[in-house]
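# Fold and contact review
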Amino acid sequence: MSAQNVPKIVNRALIALAFALLVAPWALAQQYRILHADYGWRDNRVDVTQRLRELARDNDVFRMGNSTFGVDPAPGHVKSLRIFTQAPNGGNRTFEYREGSTVDGRIFSGWRGGNWGDHDRGDHDRGDHDRGDHDRGDHDRDRGHDRRDAGQPGGGYVILRAYYGIPGSNVDVTERLRDLARANLVFRMGNSTFGIDPAHGHVKTLRIWTKGPDGNPRMFEYREGSTVDGNVFSGWGRGDWGRGDWHGDWNGERGHH
């Protein structure tokens, strides 16, 4: 090989490497088909498949946290997003993202199209984890409980009462929520949803007070404009909840029977 040909060979190698690096993210696309997704900490998780689908339609890459999903299922804890997928070889694989990290949807098949999330969850909870360099948070080691709390309609939390507004200016929307639940498993909410604006000029929230599987009260909070997923609540579509067993207020200060 002549010395004058060395620079040409090196340049070609560099060009080939640069091209490979550019197409690598796209080469990964079409590999992992999303089955479903949840967000939370340990047993305290909610199904966010529908909300993830909405985000995917507008963004290839996004940073996620409580405000992204409109709920804080485990106040005071660093939560994670788990995306359960089917790999090209037919096996299952779970991608886990620590709260505040970035999700790159280009590695998932049909990301923008939203043609995924078929609720066929089977045993995929036992799939391998790929947390990348940014996903080193705590995760749920008992994978059966997320189906109890969020995986199927009629999760582990019985609704006691629901309020919409801000501290000092809010209204009881339990009856309206019951009407919505009969017609929708998942819906986006705001002033028009409840037919009232209890605090003009302020960003309001929906607070749903519940009784958990352990009998203790727990509050779910959704920022105005976010999505409510009824999967997490027991008897959601039947509406057999919120009927007299609650004596609390916006802050839940008076408790329940």
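Fair warning: this is a prediction, and the values are worked out from it, not measured in the lab. (Residues numbered from 1 in each chain as written. Predicted model: local features only at pLDDT ≥ 70, side-chain atom pairs only at ≥ 80, totals over all residues. Heavy atoms only, no water.)

### Quick word on the overall build of the protein chain
Within the protein chain one finds 6 helices and 13 strands. When burial is assessed residue by residue, the protein chain has 47% of its 257 residues classed as buried. Sequence-distant contacts, at least 24 apart, represent 68% of the contacts inside the protein chain between residues at least 6 apart. Per element, the accessible surface of the protein chain, about 12,600 Å² overall, is 49% carbon and sulfur. (Helix = DSSP H or I, 4+ residues; strand = E, 2+ residues; numbered from the N terminus. Buried < 20%, exposed > 50% of the residue type's maximum accessible area, 1.4 Å probe, protein only. Contact = heavy atoms within 4.5 Å. Areas by Shrake-Rupley, 256 points an atom, 1.4 Å probe, with all protein chains shown as cover.)

### Side note on the nonpolar core
The biggest cluster of nonpolar side chains holds 43 residues, and the ones touching the most others in it are L81, I83 and L206. Counting residues per element, the ones that place at least two in this core are strand 1 (33-41), helix 2 (49-58), strand 4 (80-86), strand 5 (92-98), strand 8 (158-166), helix 5 (174-183), strand 11 (205-211) and strand 12 (217-223). In this structure, L206 is in contact with A162, Y163, Y164, V173, M189, F194, F220, E221, Y222 and V228, ignoring residues within four places of it in sequence. (Core = buried A, V, L, I, M, F, W, Y, C linked by side-chain atoms within 4.5 Å.)

### Some remarks on the sheet that holds strand 12
Each strand in a sheet pairs with another by means of backbone hydrogen bonds, the pair being arranged parallel or else antiparallel. The antiparallel open sheet is built from 4 strands, whose spatial order is 9-8-11-12. Two strands lie at the open edges of the sheet, namely strand 9 (169-172) and strand 12, each paired on one side alone. With direction set aside, neighbouring strand axes in the sheet form an average angle of 25°. With 7 bridges joining them, strand 11 and strand 12 adopt antiparallel strand pairing. The residue of strand 12 that forms the bridge with W209 is M219. (Pairing = 2+ DSSP bridges. Axes fitted to C-alpha atoms, helices over the stretch in contact; angles between N-to-C directions.)

### Section: the packing of aromatic side chains
According to the stated counting rule, one finds 12 aromatic pairs in the structure shown. With centroids separated by 6.1 Å and ring planes inclined at 20°, the aromatic side chains of W236 and W241 adopt a geometry described as stacked. By relative accessible area, which is 3% here, W236 ends up buried. Accessibility expressed as a relative area gives 2% for W241, which makes it buried. The residue whose ring lies beneath R53 is W116, and the NZ or CZ to ring-centre distance is 5.0 Å. The ring of W241 is capped by R178, whose NZ or CZ atom sits 5.0 Å from the centre of that ring. (Phe/Tyr/Trp six-rings, centres within 6.5 Å; stacked < 30°, edge-to-face > 60°. Lys NZ or Arg CZ within 6 Å of the ring centre and 35° of its normal.)

### A look at the side chain of D38
Within the fold, D38 resides in strand 1. Exposure remark for D38: the relative accessible area of 1% places this residue in the buried category. Among the polar contacts made by the side chain of D38, one reaches the side chain of R45 at a distance of 2.9 Å. Here the side chain of D38 touches R82 through a polar contact of 2.7 Å, side chain to side chain. (Polar contact = N/O pair within 3.5 Å; in protein donor to acceptor, adjacent residues only side chain to side chain.)

### Points about the environment of G70
Take G70: it is sitting in the loop between helix 3 (66-69) and strand 4. Spatially, the C-alpha atom of G70 lies 6.4 Å from that of T227, the residues being 157 residues apart in sequence. Excluding anything up to four places from it in sequence, G70 contacts E221, Y222, R223 and S226.

### Observations regarding the pairing of strand 12
Regular strands show a simple pattern: their side chains alternate between the two faces of the sheet. Side-chain alternation along strand 12 places R218, F220 and Y222 on a buried face and P217, M219, E221 and R223 on a face that remains uncovered. Linking strand 11 back to strand 12 in an antiparallel pair, the connection comprises 5 residues, with G215 at a positive phi of about 90°.

### Looking at the pairing of strand 8
Across the 9 residues of strand 8, 8 count as buried, placing the element largely inside the fold. The pairing of strand 8 with strand 11 spans 7 bridges and is antiparallel. Residue pairing across strands places I159 opposite T210, the latter belonging to strand 11. Here strand 8 pairs with strand 9 via 4 bridges, running antiparallel. Bridge assignment links Y163 to a residue of strand 9, and that residue is D172. Hairpin connection of strand 8 to strand 9: 2 residues between the antiparallel strands, including G168 at a positive phi of 90°.

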